[in-house]
Amino acid sequence: MGLFSRRGTAEEPASVEWASVEAEQQKRPHGPFDRSQVDEMGPRVDLGAIWLPVMPGLELRMEIDKKTQKVTGVTAALEGSNLQIQAFAAPRTEGIWDEIRHEIAQSVSGQGGIVDDVPGVFGRELLVRMPVTGPDGQSGQRPARFVGVDGPRWFIRGVLAGRAALDAEAAKPLESVFANIVVVRDQSPRPPRDLLPLALPKSARKDGAQPAPEPAGPENAAPQMSDFNPLRRGPEITQIG
C-alpha cells in the first residue's frame, strides 16, 4: 500500500492531494522540516536551500556542475556510509514523491536492477540493487536506498549508499541527519522538479577565508545509473568537510 490513499496504475501513478501531504507531515515526529517550522538554524551548516545538521566525523562533499559551476547537491559521508541529498521545487497543491518513486523504479528495472517499494522511517522508500561490473570483471550488485519527503512547495530526496544501504544500525546516524534537515524554499516561482539553489559554506567559497578544495569523489558513492535522470544530478563532487 502506498503512502497516500489515492493510488495509480503501473502506467499512470496517482496524483497526491496536498491535504494528504500536510496530514502526513503533521503525523511525522521528525523532519525534514520547512523553514517556517524552526526558530533558528541550530547545529546546522547553511547550504542555501538546505540547512544540514552536522555531527562529529561527518564529511560533506558538494556536487558542482562543471558547465554552470552551480552546486547541485550535497553528500554527507560517515564511517563507510553516504547520504546524497537534493532539494527540488514542487507544486503548491500536491506532492510528487509517489510519482518520482514510480519513475525511479521503472528506470532501475529497465537497466536490469532489482527494486522494492517498502515502508521506511520517512514513509515509502525504494531499496535498489543495481548491476555493476567490478575492476576484475566480476558482476555484482550495488545497493542503495532512495528516501523522499514532500514539503510545502518543495521535495527533498536522499540516497543512502555504502554500509547504510543494507545495515540498519549504520544507517541510523545518516537517517538522523536527513530527519533534521531544514529546507529553505525561496519565493521565486519555479517549475516542479527544478533544483533549489544550494551554495558552498562560506569557509569553502573562493572569496572566503579558506581556498576552495580540489574535486574529490567519495568512496561508496550512490550508484551511477546510465540514462537515469528522474531528478537531475551534478556530475562533479567537491569535498569540503
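Residues numbered from 1 in each chain as written. Predicted model: local features only at pLDDT ≥ 70, side-chain atom pairs only at ≥ 80, totals over all residues. Heavy atoms only, no water.

Visitor: Account for the pattern of salt bridges, with residues named and values stated.
Guide: Summed over the entire model, instances satisfying the criterion amount to 13 salt bridges. Residues Glu-103 and Arg-193 are paired through a salt bridge, measuring 2.6 Å at the closest nitrogen-oxygen approach. Placement of Glu-103 in helix H2 (residues 97–110) and of Arg-193 in the loop between strand S13 (182–183) and strand S14 (236–239) is noted, with a sequence separation of 90 residues between them. You can call Glu-103 partly exposed: its relative accessible area is 24%. Taken together, the salt bridges that share partners define one network made up of Asp-98, Arg-101, Asp-117 and Arg-124. (Salt bridge = Lys/Arg side-chain N within 4 Å of Asp/Glu carboxyl O. Helix = DSSP H or I, 4+ residues; strand = E, 2+ residues; numbered from the N terminus. Buried < 20%, exposed > 50% of the residue type's maximum accessible area, 1.4 Å probe, protein only.)

Visitor: Describe unusual backbone geometry, and please don't skip the residues or the numbers.
Guide: Of note in the backbone geometry, Gln-69 takes a positive phi value of approximately 60° without being a glycine. Looking at the element boundaries, Gln-69 is found in the loop between strand S5 (59–64) and strand S6 (71–78). By relative accessible area, Gln-69 is classed as exposed at 51%. Unusually for a residue other than glycine, Arg-193 sits at a positive phi of about 80°.

Visitor: Hey, could you go over the side chain of Arg-124 for me, with residue numbers and the actual values?
Guide: The residue Arg-124 is located in strand S10 (residues 123–133) in this model. Judged by relative accessible area, which is 14%, Arg-124 ranks as buried.

Visitor: How would you explain the environment of Val-108 if you had to name every residue and give the values?
Guide: Position of Val-108 among the secondary structure elements: in helix H2. Note: C-alpha distance between Val-108 and Val-128 (20 residues apart in sequence) is 7.5 Å.

Visitor: Lay out the pairing of S5 with the relevant residues and their values.
Guide: A large share of S5 lies buried, amounting to six of its six residues. On S5, burial covers both faces: Glu-59, Arg-61 and Glu-63 on one face and Leu-60, Met-62 and Ile-64 on the other are all buried. Relative to S6, S5 runs antiparallel, the two being bridged by six bridges. Its bridge partner lying in S6, Glu-59 is registered against Ala-77. If you look at the hairpin formed by S5 and S6, you'll find six residues sitting between the two strands, and Gln-69 has a positive phi there, around 60°. (Pairing = 2+ DSSP bridges.)

Visitor: Could you give me a rundown of the sheet that holds strand S4 (residues 50–53), with the residues and numbers involved?
Guide: A sheet is described by the order of its strands in space; here four strands give the open sequence S2-S13-S4-S3, paired in mixed fashion. Of all the strands in the sheet, the pair left with one neighbour each is strand S2 (33–34) and strand S3 (44–46). As defined by bridge partners, S4 adjoins S13 across two bridges and the pair is classed as antiparallel. The residue bridging Trp-51 from the neighbouring strand is Val-182, located in S13.

Visitor: So, the confidence of the model for the protein chain: which residues are in play, and what are the values?
Guide: Of all residues in the protein chain, 72% attain a pLDDT of 70 or more, and the chain-wide mean is 78. A low-confidence stretch, residues 1–21 stays under pLDDT 50, and its non-local contacts, those more than four residues away or across chains, total 44 contacts. Taken as a whole, residues 207–241 scores under 50 in pLDDT and shows 98 contacts with residues more than four places along the chain or in a different chain. (pLDDT = per-residue confidence, 0-100. Contact = heavy atoms within 4.5 Å.)

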